[in-house]
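Residue strings, one per chain:
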Amino acid sequence: MIEVREIQKSFGEVEAVAGVTFDVGGGEIFGFLGPNGAGKTTTINILCTLVRPTSGSAALAGYDVVSKASEVRASIGIVFQDPSLDERLSAYENLIFHALVYSVPKDVREERIASALDMVGLWERRRDIVRTFSGGMKRRLEIARGLLHHPKVLFLDEPTLGLDPQTRNKIWEFVHDLREKENITIFLTTHYMDEAENCNRIAIIDHGRIIALDTPAKLKTMVGGDVITLSTADDEAAAEQIKELHGLEATAQDAKLILEVPDGEKFLAPLVRSLDTPINSISLRRPTLEDVFLKLTGRTIRDESAGALDSMRSHVRMRRR
Amino acid sequence: MNMNNLRAVYAIWLRDVIRYKRDKARVVSSLAQPALFLFVFGNGLARGLSINVATGGARTGYVAFIYPGIIGMTLLFTSMFTAVSIVWDREFGFLKEVMVAPISRASVAIGKALGGSTVALIQGGIVLLLSPFLGVKLSPLLIITVLPVMLLISFSLTSIGIVIAAKMESMEGFQVIMNFLIMPLFVLSGAMFPLTRLPVWLRSLTRADPLTYGVDALRGLILGPKLAEFSLALDLTVIALVGAIMISVAVYFFERQ
């Protein structure tokens, strides 16, 4: 459904996307996972024909995104990272506008708007002005709008950014439902690890490059088994001792030591017994995509996302929602 | 232009009209500013300085003289505000929704120009309703003639606004546009003073202002051709030409975005 070959995009000196190649099959939920500024939105913008790639090629539903932009646009639905509704129009009016510019045939227009609003649970609020909606309602309305013209591919750029966990879950239920009913291909970007678990396949992207691409389960096998996190009175001494006694490399992260072990449950007791340094806390868990990212890049995905500019941006976004 | 693009022009036009209808404050304020100029400023100036206007052998009271000018002002302000709302759309993301739609960029610019002209025409039409209070008689036939002229003026002015909005990065620039474009266009148009007996430098400036020809056309129609500086044919030609050039530039800018 989507074929991307060596796409590269530079803005002046800055290389936002440094040559990425991947395919997305029909009916797949495909996720782009990476920190802010990794090139996720730029890639989406190229696939949506909003940005021209500096080099490389991409095709969507068989249409080239540069030479057949119009056909591509008619085949896709997009929910942008930032809100893009007309807040002074009602929910219904926003959808009518969309139906008109996407040439939804007149005889099915009302019916599609009704079923789209019904699907996202906004039918009762159709006459209300969008400005009075909560962030989650606006998001759901945008998803309904993105589907109105029955696209083959739905792009969701950070679909749940700035939303509360309840609304996030609701939106995800809705996305899964949608895939089952309409067999639509879904391409999404996120920097929430737990959210990425919802995808069939994930591409982990960093500094404009894909550094891993697989199913969430397979990606997690890249981490050597289970993850033990412990904090001790003297982490440095503990790390040395662990290396000496168990031959394991412990990484320090946020004033804690992180260990990867094949069988965590069996290893826990010997580990506790073997350390001379008093242990403050210890925990064992299955690996998450966060661990995969840490393993691949040596950083947590949040490291870069707390910059001043970014927190200001998300602040602005929250205010608008 | 195929059916899809025509439908898109209609959608973009409809959106501006709905937004205008919903904005009651705008409808009320559309009357407040002209009323302030006509009843307070006009009256004060005319009475205080005993001004009558005499040009081309015709005489008229000052308030009646500036009336077509104030209609022109209303068209100018409304057209510009509606056009510049594109910058808001960009800031609030709605423009993206339009830009990824499978429609030509030309239809976006044209839809916006028609939307802005329609809203300006309605606002100008409301100012026409003030005529009985100013001692200006408007026959139904005259109103039917004036309205299309007002629409043409509005279309040209909105197109100028769209060209600017296409190049404007943020709403902060609006103050600059207000001071360096909208106010000069208004003041130089001869809305408030006759264009005869001006020093050469001012004369040339007024002639470079497209709104001058709009106000002149309205003045000729409403108060009689003797009070107009140019012929109606010349006025309409200049306005139409400016409109055609500006909408082409607007389409060009949009296609390159």
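Higher on the page you've got the structure.
All values reported here derive from a predicted model rather than from experimental measurement.

Remarks on the interface of chain A and chain B
Now for step 1: The partner chain B presents 23 residues to the 26 residues of chain A that form the contact.
Now for step 2: Both sides of the chain A and chain B interface together cover about 2,300 Å² of buried area, and 61% of this is carbon and sulfur.
Now for step 3: Among the residues of chain A in contact with chain B, Arg73, Phe97 and Leu100 of chain A are the three that bury the most area, contributing 26% of the side total.
Now for step 4: Across the chain A-chain B interface, the total number found is four salt bridges.
Now for step 5: Across the pair Arg22 of chain B and Glu93 of chain A runs a salt bridge whose closest N-O atoms are separated by 2.8 Å.
Now for step 6: Contributing elements (two or more residues each) for the side of chain A that touches chain B: α2 (69–75) and α3 (91–101) of chain A.
Now for step 7: A per-element tally of the side of chain A that touches chain B places α3 of chain A first, with six residues.
Now for step 8: Residues that form the side of chain A that touches chain B fall into these classes: 13 nonpolar, six polar and seven charged.

Points about helix α1 (residues 40–47) of chain A
Side chains that are three or four residues apart share a direction in an α-helix, a result of its 3.6 residues per turn.
Residues and elements named next belong to chain A.
Now for step 1: Within α1, seven of the eight residues are buried, which leaves it mostly tucked inside the rest of the structure.
Now for step 2: Within α1 the residues assigned to the buried category are Lys40, Thr42, Thr43, Ile44, Asn45, Ile46 and Leu47.
Now for step 3: Phi for Thr49, located one or two positions after α1, is positive at around 70 degrees.

A short note on the environment of Ala237 of chain A
Residues and elements named next belong to chain A.
Now for step 1: Within the secondary structure, Ala237 sits in helix α9 (residues 235–246).
Now for step 2: Residue classification places Ala237 among the partly exposed positions, given a relative accessible area of 32%.
Now for step 3: Remark: the alpha-carbon pair of Ala237 and Leu275, spanning 38 residues in sequence, is separated by 9.3 Å.

Structural notes on a negative patch on the surface
Residues and elements named next belong to chain A.
Now for step 1: A cluster of like negative charges, contributed by Asp234, Glu236, Glu240 and Glu244, occupies part of the molecular surface.
Now for step 2: Within the secondary structure, Glu244 sits in helix α9.
Now for step 3: Using a relative accessible area of 66% as the deciding quantity, one classes Glu244 as exposed.

Notes on the packing of aromatic side chains
Now for step 1: For the coordinates displayed, the defined rule picks out 16 aromatic pairs over all chains.
Now for step 2: Between Phe97 of chain A and Phe94 of chain B, the aromatic rings sit 5.2 Å apart at their centres with planes inclined by 55 degrees, giving tilted as the arrangement. Here Phe94 of chain B lies in helix α4 (residues 94–99) and Phe97 of chain A lies in helix α3, a pairing that spans two chains.
Now for step 3: Take Phe97 of chain A: its relative accessible area is 3%, and that puts it in the buried class.

A closer look at the side chain of Thr82 of chain B
Residues and elements named next belong to chain B.
Now for step 1: Mapped onto the secondary structure, Thr82 falls in helix α3 (residues 62–91).
Now for step 2: Polar contacts involving the side chain of Thr82 include one to the side chain of Arg26, which spans 3.1 Å.
Now for step 3: Ignoring anything within four residues of it in the chain, the contact list for Thr82 reads Asp16, Arg26, Lys112, Gly116 and Val119.

A few points about unusual backbone geometry
Trans peptide bonds make up the majority, and among non-glycine residues the majority have a negative phi.
Residues and elements named next belong to chain A.
Now for step 1: Positive phi, close to 70 degrees, is recorded for Thr49, a residue that is not glycine.
Now for step 2: Among the structural elements, Thr49 can be located in the loop between α1 and β4 (55–60).
Now for step 3: Residue classification places Thr49 among the buried positions, given a relative accessible area of 12%.
Now for step 4: We note that Ala61 has phi near 55 degrees; this positive angle belongs to a residue other than glycine.
Now for step 5: Counting through the fold element by element, Ala61 comes out in the loop between β4 and β5 (63–64).

Calculation rules
Residues numbered from 1 in each chain as written. Chains lettered and ligands numbered in written order. Predicted model: local features only at pLDDT ≥ 70, side-chain atom pairs only at ≥ 80, totals over all residues. Heavy atoms only, no water. Contact = heavy atoms within 4.5 Å. Buried area = accessible area lost by both parts, 1.4 Å probe. Salt bridge = Lys/Arg side-chain N within 4 Å of Asp/Glu carboxyl O. Helix = DSSP H or I, 4+ residues; strand = E, 2+ residues; numbered from the N terminus. Nonpolar A, V, L, I, M, F, W, Y, C, P; charged D, E, K, R; others polar. Buried < 20%, exposed > 50% of the residue type's maximum accessible area, 1.4 Å probe, protein only. Patch = residues over 30% accessible without salt bridge, like charges linked within 9 Å, V, L, I, M, F, W, Y side chains within 5 Å. Areas by Shrake-Rupley, 256 points an atom, 1.4 Å probe, with all protein chains shown as cover. Lys, Arg positive; Asp, Glu negative; His and termini not counted. Charge placed at Lys NZ, Arg CZ, Asp CG, Glu CD. Phe/Tyr/Trp six-rings, centres within 6.5 Å; stacked < 30°, edge-to-face > 60°. Polar contact = N/O pair within 3.5 Å; in protein donor to acceptor, adjacent residues only side chain to side chain.

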